Amino acid sequence: MASTAVSSGARRIRRQLPTSPWLFAAPGLLIAGAFILYPFVSTLVNAFTDRRTLVPGEFVGLANFRELLHDDMFWIGLRNSSLYVLGVVPALVLLPLLLALLVHKSIPGITFFRSAFYTPVVASIVVVGLIWVWMLDERGLVNSLLETVGVGRIGFLSDQWLILLSAMAVTVWKGLGYYMIIYLAALANVPRELHEAAAVDGAGPVRRFLSVTVPAVRSTMVLVAALASVAAFKVFSEVYLMAGPSGGPAGEDTTLVMLVQRTGTGLTGRVGYASALSVVVFVVTLVLMLLVLRADRKEES
């Protein structure tokens, strides 16, 4: 009887096993389908229609994409988003690594500095942006200090290029702590014997950094470059807060994501055209990631 009960129980468990994993995964799959997959598919479909906020729209083929090629604001947004990647990514690849090297050693009080460097990461981007806007305002702290030392006031929030540079500074400042943590995890796996051997051979700190540290964390640098590239190309909040809803003087600081928000929202929003813009942003970010990975594989070979 006991063996019969055991065998029936085993058969019952085997019958339940094929469906049990799906039951556990169902909540996550439903959330991903509702908030990731469905919006993605809907955006792709809308990109080929002339849908507006209150109008379903009809299929127009590639008309939205052809219009992009003749839209001056699209090229301005593409230029600014590309410049943002070029300005932000190198800084977010190198500076967090140097910061991680500073706080990597276990010495008394180092936990305080690690927490201090990470604090901007957990702060709201809106709060961070407003603080920097107040600091960089014409009558803000930075200009007051510049005027005190005789430099004069600088239009950080009124000049087209200074607005973009100021937004880049905010992005770098806020992202330093996040990427520092990633580098700290990578540095923990670097064997200390490598540094000791290099020191015995007479290598100085800079030489050990270039010959030991950088090769050991190169894969992490590629990961950081990929993450930072995607985030920089999709920048919105920093530029929006610095330049305002209009995108700075004559809209010259508008990024692609700002253009998507401006075009596709409101009662008369052009949802179809904004979806086409979103598809372009997706394709470009995908290409950026593939280029970073390809460059990494080429260097390895």
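Look a little higher up for the structure.
Here's a quick rundown of the structure. Just so you know, the residues in each chain are numbered from 1, in the order the chain's sequence is written. Predicted model: local features are reported for residues with pLDDT of at least 70 only, side-chain atom pairs are reported and counted for 80 or more only, and whole-chain, interface and lining totals are derived from all residues. Values shown for side chains rest on all heavy atoms present in the structure; no hydrogens or waters enter the calculation.

Details of helix α4 (residues 72–103)
Going by this rule: Strands here mean DSSP runs of E at least two residues long; helices mean DSSP runs of H or I at least four residues long; both are numbered from the N terminus. What a helix is expected to span follows from its residue count: subtract one and scale by 1.5 Å. Bend is the name given here to the angle between axes fitted to two runs of seven residues, the run ending at a residue and the run starting at it. A 3.5 Å cut-off defines polar contacts: any pair of N or O atoms within that distance qualifies, except that in protein one atom must be a possible hydrogen donor and the other a possible acceptor, and neighbouring residues in sequence count only when both atoms are side-chain atoms.
Helix length check: α4 (32 residues) gives 46 Å between terminal C-alpha atoms against 46 Å at 1.5 Å per residue, within 8%. Roughly 25° is the biggest bend found in α4, and it falls at Leu 92, with proline Pro 96 one to four residues downstream. Its side-chain oxygen 3.0 Å from the backbone nitrogen of Met 73, Asp 71 forms the N-cap of α4.

A few points about the environment of Leu 157
Threshold: Here, residues are in contact when the closest pair of their heavy atoms is within 4.5 Å.
Counting through the fold element by element, Leu 157 comes out in the loop between α7 (141–148) and α8 (160–187). C-alpha separation for the pair Leu 157 and Asp 137, spaced 20 residues apart in sequence, amounts to 6.5 Å. Once residues within four sequence positions are removed from consideration, Leu 157 is found in contact with Val 133, Leu 136, Asp 137, Ile 163 and Met 242.

Considerations on the side chain of Thr 213
Test applied: Under the scheme applied here, a residue whose accessible area is under 20% of the maximum for its type counts as buried, over 50% as exposed, and between as partly exposed, the area being computed with a 1.4 Å probe on protein chains only.
Tracing the backbone shows Thr 213 in helix α10 (residues 205–216). For Thr 213, a relative accessible area of 4% corresponds to the buried category. In this structure Thr 213 touches Leu 101, Leu 187, His 195 and Arg 208, once residues within four positions along its chain are discounted.

A short note on unusual backbone geometry
One non-glycine residue, Ala 250, adopts positive backbone phi at about 60°. Of note, Ala 250 is situated in the loop between α12 (237–243) and α13 (256–264).

A closer look at the pattern of salt bridges
In plain terms, the rule: When a carboxyl oxygen of Asp or Glu is within 4 Å of a side-chain nitrogen of Lys or Arg, the pair counts as a salt bridge.
Per the stated rule, a full pass over the model turns up 3 salt bridges. Measuring nitrogen to oxygen at the nearest pair gives 3.3 Å for the salt bridge that ties Arg 79 to Glu 252. Placement of Arg 79 in helix α4 and of Glu 252 in the loop between α12 and α13 is noted, with a sequence separation of 173 residues between them. Relative accessible area serves as the criterion here: at 30%, Arg 79 is assigned to the partly exposed category. Here Glu 252 falls in the partly exposed class, since its relative accessible area comes to 22%.

With respect to a nonpolar patch on the surface
Cut-off, in case you're wondering: Think of a patch as exposed residues, more than 30% relative accessible area, with no salt bridge, where like charges cluster within 9 Å and nonpolar side chains (Val, Leu, Ile, Met, Phe, Trp, Tyr) cluster within 5 Å. Per-residue and other accessible areas were derived by the Shrake-Rupley procedure at a 1.4 Å probe size, with only the shown protein chains allowed to occlude residues.
Residues Leu 37, Phe 40, Val 41, Leu 44, Val 45, Phe 282, Val 283, Leu 286, Val 287, Leu 290, Leu 291 and Leu 293 make up a contiguous nonpolar surface patch of roughly 1000 Å² in combined accessible area. Of all the secondary-structure elements, those providing two or more residues to the nonpolar patch are α2 (20–46) and α14 (271–300). A per-element tally of the nonpolar patch places α14 first, with 7 residues. Looking at where Val 283 falls in the secondary structure, it is placed in helix α14.

Function-wise, these values are silent; they only describe arrangement.
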